[in-house]
Amino acid sequence: MARARREPADEPQARLGDGTIARISPSAFTSGFELVVDGTPQSHVDLDDPTHLHFEYVARMGAVIDQLRMPRQPLTAVHLGAGALTIPRYVEATRPGSRQQVIELEPALVDLVREHLPLPRGAAVRVRIGDAREGLGRLPAGLTGAVDLLVSDVYSGAQTPAHLTTIEFYTAAAHLLAPEGVLLVNVADGAGLAFARRQVATVRAVLPHVVVLAEVQTLKGRRFGNLVIAASGAPLPTEWLPRLMAAGPHPAKVSQGAELDEFVRGARPATDADATPSPKPAASLFER
């Protein structure tokens, strides 16, 4: 007999500090669960298969992570924004023995996820409560210059706060990176990509080697979507990325070199004095 779909009121939920509601819902499209905050799907988790990365931009992050160091070699990782801990679970599954730190502003969100989407037993993932930028300065001193992977995927509702988009912020993040460490940033933007172009220019002002991964129509500014910025102080391991992006999910590509120069032409890096939050998507974008 088919299982009845639970109404949102019956799903695990928590009220966050800003008054919005976070809830965990069975995915309507695939196996696993979604974390939905204020009506915006923020994470997907498959407890039976943590390597199942359903959201397109997360799968692209996974493709970059797979290129770091040697296969199965443990990583030292820092994650800004917890969500449902999708990427920390992926790193734990594909790189056993990795040491991971997560900084999340909302303790109620962390409690909700820990209770209803628990981490695998033995996973070395420490969650610290606080603002992502302030939390960078409170991490153990031994992480400075030792982080292989730093993921910035912070949203307040459907927007990235302005103070997490600036040269000053990315400079603080870059201090944590090992010589070949990689920064991954999730950027959401729509028509024209003015915010995304400025974010790429900002990251390039701090780290010299940058590529952007995105669905083709999103990269052309024809639809609202997510772009992944990958950046490092050393050349990025991009040899296999174009083929991986072409394979899915959906037609996607890697923008780099002269193409990326053209992408950011005229874009001015953001600073603490003039930064703005990411644009808010239309509510209809998340209608089921």
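Residues numbered from 1 in each chain as written. Predicted model: local features only at pLDDT ≥ 70, side-chain atom pairs only at ≥ 80, totals over all residues. Heavy atoms only, no water.

## Some thoughts on the pairing of strand S3 (residues 33-37)
It is a general feature of regular strands that their side chains alternate between the two faces of the sheet. Worth spelling out the cut-off: Each residue is placed in one exposure class: buried if its accessible area under a 1.4 Å probe, protein chains only, is under 20% of its type's maximum, exposed if it is over 50%, and partly exposed if it falls in between. Only DSSP runs of H or I reaching four residues or more are called helices, and only runs of E reaching two or more are called strands; each is numbered from the N terminus. Pairing between two strands is assigned when DSSP locates at least 2 bridges connecting them.
Counting buried positions over the five residues of S3 gives four, a clear majority of the element. With five bridges connecting them, strand S2 (residues 21-26) and S3 associate as antiparallel partners. Paired with proline 26 across the bridge in S3 is phenylalanine 33. Here S3 runs beside strand S4 (residues 40-45); their pairing, made up of five bridges, is antiparallel. If you follow valine 37 over to S4, its bridge partner there is threonine 40.

## Focus on the pairing of strand S9 (residues 177-189)
Defined as follows: With the strands pointing away from the viewer, any crossover whose connection runs clockwise from the first strand over the helix to the second is right-handed.
Within S9, eleven of the 13 residues are buried, leaving the element largely enclosed by the surrounding structure. Two strands pair when backbone bridges link them, and strand S8 (residues 147-152) and S9 are joined in this way by five bridges, in the parallel orientation. Opposite leucine 150, over in S9, you have leucine 183 as the bridge partner. The parallel pair S8 and S9, bridged by helix H5 (residues 167-174), forms a crossover whose chirality is right-handed. Looking at chain direction, S9 and strand S11 (residues 225-232) are connected through eight bridges and run antiparallel. Within S11, the position partnered with valine 187 by the bridge is leucine 227.

## Some words on the environment of proline 269
Tracing the sequence through the fold places proline 269 in the segment after helix H9 (257-263). Sequence-wise, proline 269 and valine 203 are 66 residues apart; in three dimensions their C-alpha atoms are separated by 7.9 Å.

## Considerations on the side chain of threonine 76
Stated precisely, the cut-off is as follows: A contact between two residues is defined here by any heavy atoms of the two lying within 4.5 Å.
Assignment of secondary structure puts threonine 76 in strand S5 (residues 76-80). Here threonine 76 falls in the buried class, since its relative accessible area comes to 10%. Setting aside residues up to four positions removed in sequence, threonine 76 forms contacts with Arg99, Leu143, Ala146, Val147, Asp148 and Leu149.

## Considerations on the pattern of salt bridges
Applicable threshold: Think of a salt bridge as a Lys or Arg side-chain nitrogen and an Asp or Glu carboxyl oxygen that are within 4 Å of each other.
All chains considered together, the criterion is met by ten salt bridges. A salt bridge links arginine 69 to aspartate 148, with the shortest nitrogen-to-oxygen separation between them at 3.0 Å. Placement of arginine 69 in the loop between helix H1 (56-65) and S5 and of aspartate 148 in strand S8 is noted, with a sequence separation of 79 residues between them. Classification of arginine 69 as partly exposed rests on a relative accessible area of 44%. With a shortest N-O distance of 2.6 Å, lysine 253 and glutamate 259 are connected by a salt bridge. Lysine 253 sits in the partly exposed class, given a relative accessible area of 29%. A relative accessible area of 37% means that glutamate 259 is categorised as partly exposed.

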